[in-house]
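Notes for the structure review
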Amino acid sequence: MSASDRINNAIALRHGEPIPVVPLIIAFAGRCANMTQSDIFSSLQKWQQALEITFSRVGTPDAVFPLWPRDAAKSQMLRLLLPGEDLDVDAQFQYIESEIMNHDDYDFIIKKGYRSWFMQYLPRIRSDISPGVMGRILTIRGFMMQGMRIKRNTNYWKKKMGLPAMFYGACYPAFDLFSLARSLVPFCHDLFDYPEIVEQAIRTATPDIVNMAKIPLRVTGGNRVCIYPMRSSASFISPKMFERFVLPSLKQMIDSFHQSKVTAVLHCDGNWTPMLPFFRELPRQSCVIELDGMTDIYKAKEILGDWMCLKGDVPATLLAQGEPDQVTEYCHHLIKHIGSDGGFILSSGCEVPLDAKPENVAALIQSVR
């Protein structure tokens, strides 16, 4: 059975051996390959080389992360500090969360649309993009080049090792995007002071966000998209607020992708345990739910085991500070209790940390082999 078959079986909730294993390897590849973070951010080729060395040391997973780290870092709606440019050459990149989007931007989105707003917002966080026509041209060109890099990277791994990408495009729900761009405290105030305006802006923005996320899928022919509802969990808002502000647009996004035969990979950082029942309102087998350890994955299995594929959740602390036998024991427990009847992809809880021990990552990958 190929790696693609193993992943497709898990998404379809079918049992198959071995269970697919897809740790989220990004920054760790540089450290494992004895390259600096600046190295892997400087060129796609160096990033691919770092992954090859890493796979030779820890084993080959069943899918790869499709984005060059520089593209992944620039995809969020925040100002950015990069290794080798703003930081030490081997520092992990950092975001600066500050109030960049203002209240008037909601009205702009409602009146003129999300795409127009996005084009004039991006120069606020990117010093390499100027406002005006030239900035729009550079933005469009940048997205085209990013799509081509995703295609080049995914084709490279498919040809070299027969590996698919875990996803081929990515986007944020409007709620989470606004939370980042406004910054957390002002956005929370908006939810209480101007709830109807926030809701209207979310409704207006959602179709454009979906259509923009479909562009790299058309370029690559990919059938999975990553959605980052990372500010929608119970770590930030109540289930009641989730039901009002997030669920309608999230359902709209996933329904649109599902109708296009695209599976959504929901990157669910934070505590989603109280929100798990809402996922049963989404189409069956339409999503992979990525969990990072803050959600009770055993409760997720109980509630969603016959409805959605689960992915996770070997803790970053265990990979960085534990020992291989502890990692193996943790993985075998997940395999037995979460994956024994299918619908499970073994993975790290969020990203494999920069300081993970290679022998621990190897233990994670080898636990299913």
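The structure this text deals with has already been given above.
Here's what I pulled together on the structure shown here.

Okay, the layout of surface pockets next. In this structure, the largest pocket occupies an estimated 1,100 Å³ of space. Contributing to the lining of the largest pocket are 41 residues, with Phe118, Thr139, Gly142, Phe143 and Gln146 lying nearest its centre. Mapped by element, the contributors of at least two residues to the lining of the largest pocket are helix 5 (69–74), helix 7 (114–125), helix 8 (133–161), strand 3 (170–171) and helix 11 (195–220). With 13 residues, helix 8 is the single largest residue contributor to the lining of the largest pocket. The residue makeup of the lining of the largest pocket, split by class, is 26 nonpolar, seven polar and eight charged. Empty space within the second largest pocket amounts to approximately 630 Å³. What lines the second largest pocket is a set of 33 residues, and nearest its centre among them are Gln76, Met230, His267, Asp269 and Cys350. Elements with a contribution of two residues or more to the lining of the second largest pocket: helix 5 and helix 9 (174–182). With three residues, the single largest contributor to the lining of the second largest pocket is helix 5. Here the lining of the second largest pocket is built from residues that sort into 20 nonpolar, six polar and seven charged.

Right, let's get into the nonpolar core. Among soluble globular proteins, nonpolar side chains are generally buried collectively. Residues Phe178, Leu266, Phe279 and Leu346 are the most contacted members of the largest nonpolar core, which totals 125 residues. Here this core takes nine residues from helix 12 (residues 239–259), the largest share from any one element.

The next thing to look at is helix 1 (residues 3–11). When we look at burial in helix 1, the residues that qualify are Ala3, Arg6, Ile7, Asn9, Ala10 and Ile11. Close packing links the buried residues of helix 1 with strand 4 (224–227), strand 5 (263–268), strand 6 (287–291), strand 7 (309–314) and strand 8 (344–348). Where helix 1 terminates, the next one or two residues include Leu13, which has phi positive at roughly 65°.

Attention shifts here to the packing of aromatic side chains. Under the criterion given, the structure shown has 17 aromatic pairs. Both rings, one in Phe65 and one in Phe167, keep their centres 5.7 Å apart while their planes meet at 85°; by these two values the pair is edge-to-face. Placement of Phe65 in the loop between helix 4 (44–58) and helix 5 and of Phe167 in the loop between helix 8 and strand 3 is noted, with a sequence separation of 102 residues between them. Judged by relative accessible area, Phe167 falls into the buried class, the value being 4%. With a centroid separation of 5.0 Å and an interplanar angle of 85°, the aromatic rings of Tyr156 and Trp157 are classed as edge-to-face. Each residue in the set Tyr106, Tyr114, Trp117, Phe118, Tyr121, Phe143 and Phe178 is aromatic and connected to the rest through ring pairs, giving one cluster.

What follows deals with the side chain of Asn153. Relative to the helices and strands, Asn153 is located in helix 8. Here Asn153 falls in the buried class, since its relative accessible area comes to 0%. Asn153 has contacts with Leu44, Trp47, Gln48, Phe65, Pro66 and Leu67, leaving out every residue within four places of it along the chain.

Reading the values: rules and limits
- Residues numbered from 1 in each chain as written.
- Predicted model: local features only at pLDDT ≥ 70, side-chain atom pairs only at ≥ 80, totals over all residues.
- Heavy atoms only, no water.
- 1 Å grid on protein atoms, 1.4 Å probe; cavity = no way out; pocket = protein on both sides within 12 Å on 5 of 7 lines; lining within 4 Å.
- Points joined across faces, edges and corners; volume = space filled by probe spheres on them.
- Helix = DSSP H or I, 4+ residues; strand = E, 2+ residues; numbered from the N terminus.
- Nonpolar A, V, L, I, M, F, W, Y, C, P; charged D, E, K, R; others polar.
- Core = buried A, V, L, I, M, F, W, Y, C linked by side-chain atoms within 4.5 Å.
- Buried < 20%, exposed > 50% of the residue type's maximum accessible area, 1.4 Å probe, protein only.
- Contact = heavy atoms within 4.5 Å.
- Phe/Tyr/Trp six-rings, centres within 6.5 Å; stacked < 30°, edge-to-face > 60°.

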